[in-house]
Amino acid sequence: MAPRDPLVWWFRQVLRHRGLVLGLTALITVAALGCLSRVSVGNTLQGLFFGDSPDYARYLTQVERFGSDEHILVGLPAPDPADPGLHARLGAIDDFARAHPGFARADSLATAQRLATEDGALVVHPATEGPVEADGRLVGRDGQSVALVVELAVDPGRKAAQGLANIADLERALAAQGLDGGHLAGFPVLMVSMLDLAWDNLALLLPLSAAALLLVVLAVFQRLLPAVVSVGIAGLAMVWTMAVAALIDPVFSIMVTAVPLVVVVVGFSDVIHLWSAWEQERALGKPREEAILASASDVGRACLLTSLTTFVGFIGLRFVPTPMFQQLGLALGVGVGLALLLAMTLVPVLLSYGLDDRAGSPRPPGRVGAAVDGLIDGLLARMQALAARRPWAIIGLFGAATAVALAGATQATFDADIASRVDAGHPLARDAAWLSERFVGDNIVQVFLTADAPGGISTAAALASIDRFHQAVAALPPVEDVHSLASAVATLHPLLAPDDPAPLPATDAALAQELLLFELAGGQDLDRLVDFERQHARMVVQLPPGGMRATRDTARQIDALAATHLVPGLSAEATGLSSLMGAWIDRIIAGQAQGVGFSVGVVALLMVLGLRSLRLGLVSMLPNLLPLIGLGGLLGLAWETADTDTAIVAMLAIGIGVDDTIHFLMRYRVEQARCPDRATALSRTYAFAGRAILMTTVVLVIGFLPCLLSDYFSLWILGSLLPLVLVLAVLADLLLVPAMVAVGWLALPAPPPPAPCAPA
């Protein structure tokens with residue numbers, strides 16, 4: 001044991017001042033809990049997604065002029081859509097919406113208008129005075145349902161808490177009118193529901209995960225103390241992490257809801273490695289303090305390196321140019337560092353009090369303990385024998401699997417459909433299915449048209465080109481409905497010029513006159529299609545619910561059509577929240593690719609430094625990349641379109657997957673220095689590091705498995721995809737890495753042996 005080893009020095013200082021350490025830990029924990037008491041949940045759309053995006057800034061300018069596409073679609077069963085009583089109740093909801101600061105209006109049959117001519121004059125009637133048409137817009141296609149479209153007020157500073165309050169107010173207003181029991185959809189509903197679902201699930205999953213981890217560690221060590229210490233240190237790491245995140249930004253985003261679970265699960269790893277090393281050293285007959293210091297020398301350096309690599313993997317999320325992911329990456333990175341600090345501070349202190357003096361003594365008898373020991377020892381023995389006898393076969397098998405996975409990864413495509421992130425049986429999914437069967441899709445693309453000068457929109461030539469553009473957009477495969485100034489005038493013109501066979505006015509004067517007559521007759525909402533100066537106009541395109549990148553692709557097609565159909569001097573930009581989110585996803589994917597590249601590069605550098613060899617450090621990255629490649633292959637081969645949140649698993653895989661490789665190789669380097677025989681060094685490495693590697697993998701898998709109970713996709717993948725990746729990582733570490741050692745690909749340089757070799 002090198003007397004100048006910095007980790008040994010740290011352990012000595014911790015043991016020398018253990019009372020001070022415990023006191024500071026308690027004080028910091030109390031302060032951290034105080035910080036968390038002032039945290040709020042949720043954020044603005046700009047803070048969550050768009051940041052300083054110029055596209056979002058332009059979008060805000062346009063919606064200030066014409067109205068927001070943030071809306072809540074309420075579908076109501078209505079056996080008789082023509083019922084005057086129903087219309088009165090719908091009208092009351094519009095009155096409520098116009099008076100509420102969070103809403104702008106509520107469109108329904110009660111607010112719609114019908115155009116007619118009487119004695120040659122244009123007359124505007126309420127739509128409820130005529131026959132009700134089941135067109136899937138305000139009346140469902142089944143003829144027995146009606147829609148209420150509640151438009152939100154334009155408010156870029158609206159936070160999730162306010163959105164939740166707005167929806168609650170709307171539901172109370174609906175109930176007051178006897179309209180409760182409706183089906184709700186729309187982006188505001190989705191965002192608030194996702195946030196509620198994430199926190200509600202976490203309130204269940206975090207205790208389940210902690211309980212499962214405690215039972216697993218108890219079964220493995222067959223002592224209560226290491227299980228309790230693991231839970232305690234992981235819990236402290238979680239509290240400290242969330243407090244630091246609160247100091248940086250007291251408003252937590254929806255992504256931060258995953259931080260406590262990840263930190264708790266990952267926090268177990270260092271405790272298990274340190275405790276396992278302590279037990280091994282005590283089994284060799286070393287006194288308590290010497291065993292504590294030896295565990296720092298044996299695995300402390302590996303724990304430090306694994307925490308660095310995990311930190312790098314998590315901090316790679318900072319490359320995603322979105323505040324939400326950057327907050328997540330920073331919180332996870334801080335959590336890893338704090339978990340290591342607490343493990344390497346509190347574990348030696350607690351052990352120094354003699355609380356586990358039975359460590360190293362024969363394990364207490366019991367069926368569970370014997371079964372666990374037998375399972376772990378038998379599995380390690382089989383893996384060791386297979387790697388020693390068939391190294392080239394193992395390398396070939398992993399190589400073939402990697403080739404297949406790489407081929408699959410090239411086929412992977414990504415998108416995000418927030419509505420599909422919940423289980424099919426969830427009320428949110430049921431509401432969406434009910435609405436999509438009866439009504440036109442509520443996925444909106446707003447097309448804003450701009451003329452070079454005032455009055456440029458209100459010319460007959462400009463309107464004719466807008467009509468051609470309108471028809472071309474309506475013909476696009478995903479489009480379900482289009483509404484524009486051209487469609488409004490096409491409805492108006494036959495009434496005012498019944499003898500004109502043309503669908504639109506032929507002259508500028510005729511167009512101006514018809515628009516004026518419409519307004520004088522009491523026609524409403526023309527200002528939602530064209531501004532007073534007649535320089536700006538809006539077209540509303542309705543699509544079925546779907547992926548945001550698909551919506552963005554449709555918006556790009558619309559932009560291309562504008563370039564070919566609009567007259568010179570008239571331009572268009574297709575935008576809207578869903579389209580902007582699709583462009584945001586493009587930036588996410590690009591940022592994630594940069595983050596992955598950064599993480600792989602830095603981890604490779606750390607491996608080079610840790611193994612003290614450029615060649616060996618780079619070669620050791622092969623098994624470390626397998627989990628990432630395997631994940632890509634699974635997404636490409638098994639999923640038609642993967643959700644973009646699966647990239648979170650990739651970043652976690654980089655950070656966590658490399659840990660066991662480091663523990664195995666660092667321990668092998670120690671044993672190679674002690675044992676000139678490679679087989680004996682590998683055997684001792686399996687005995688010392690293999691057991692801890694298996695235990696930590698089991699702990700990580702069990703810790704994340706409760707996420708399978710979640711209805712929320714972004715948490716569900718932590719219980720499905722991440723455990724699969726971790727299992728692949730441990731197979732690579734305990735089969736491929738020793739096989740590469742056996743064939744000489746990872747022949748590590750070793751200093752003179754510091755201690756005599758003993759049988760494993």
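Note that the structure is a prediction, hence the values are computed from the model and not measured.

Let us look at the side chain of Asp431. Considering the arrangement of structural elements, one finds Asp431 in helix α14 (residues 427-438). One buried charged residue, Asp431, remains without a salt bridge, the closest side chain of opposite sign being Arg430 at 6.1 Å. When sequence neighbours within four positions are dropped, the list of residues in contact with Asp431 reads His183 and Leu184.

Within the structure shown, the criterion is met by 8 cavities of 30 Å³ or more. Each pocket or cavity is described by its volume, and for the largest cavity that value is around 430 Å³. Contributing to the lining of the largest cavity are 27 residues, with Gly186, Phe187, Leu190, Asp442 and Asn443 lying nearest its centre. Elements represented by at least two residues in the lining of the largest cavity include exactly β2 (71-77), β7 (183-185), α7 (187-221), α14, β10 (443-451) and α19 (577-611). Broken down by element, the lining of the largest cavity gets its largest block of residues, 4 residues, from α14. Considering only residue class, the lining of the largest cavity consists of 17 nonpolar, 7 polar and 3 charged.

What follows concerns a nonpolar patch on the surface. Together, Leu20, Leu24, Leu27 and Ile28 line one region of the surface with nonpolar side chains, adding up to about 400 Å² of accessible area. Structurally, Leu20 can be placed in helix α2 (residues 18-36). Given a relative accessible area of 54%, Leu20 falls into the exposed group.

Attention now goes to the packing of aromatic side chains. For the structure shown, the criterion picks out 8 aromatic pairs. Measuring from centroid to centroid gives 5.9 Å for Tyr56 and Tyr59, while their planes differ by 25°, and the two rings are stacked. Of the two residues, Tyr56 and Tyr59 are both situated in helix α4 (residues 54-66); the distance of 3 residues between them amounts to about one turn of the helix. Considering the side-chain rings of Trp434 and Phe439, the 6.4 Å spacing of their centres and the 45° angle between planes classify their relative orientation as tilted. For the pair shown, Trp434 and Phe439 are each scored as buried. What links up through ring pairs into an aromatic cluster is the set Trp639, Phe713 and Trp716. In this structure, Arg18 packs its charged tip against the face of Tyr353, placed 4.0 Å from the ring centre.

What counts as what
Residues numbered from 1 in each chain as written. Predicted model: local features only at pLDDT ≥ 70, side-chain atom pairs only at ≥ 80, totals over all residues. Heavy atoms only, no water. Helix = DSSP H or I, 4+ residues; strand = E, 2+ residues; numbered from the N terminus. Buried < 20%, exposed > 50% of the residue type's maximum accessible area, 1.4 Å probe, protein only. Lys, Arg positive; Asp, Glu negative; His and termini not counted. Salt bridge = Lys/Arg side-chain N within 4 Å of Asp/Glu carboxyl O. Contact = heavy atoms within 4.5 Å. 1 Å grid on protein atoms, 1.4 Å probe; cavity = no way out; pocket = protein on both sides within 12 Å on 5 of 7 lines; lining within 4 Å. Points joined across faces, edges and corners; volume = space filled by probe spheres on them. Nonpolar A, V, L, I, M, F, W, Y, C, P; charged D, E, K, R; others polar. Patch = residues over 30% accessible without salt bridge, like charges linked within 9 Å, V, L, I, M, F, W, Y side chains within 5 Å. Areas by Shrake-Rupley, 256 points an atom, 1.4 Å probe, with all protein chains shown as cover. Phe/Tyr/Trp six-rings, centres within 6.5 Å; stacked < 30°, edge-to-face > 60°. Lys NZ or Arg CZ within 6 Å of the ring centre and 35° of its normal.

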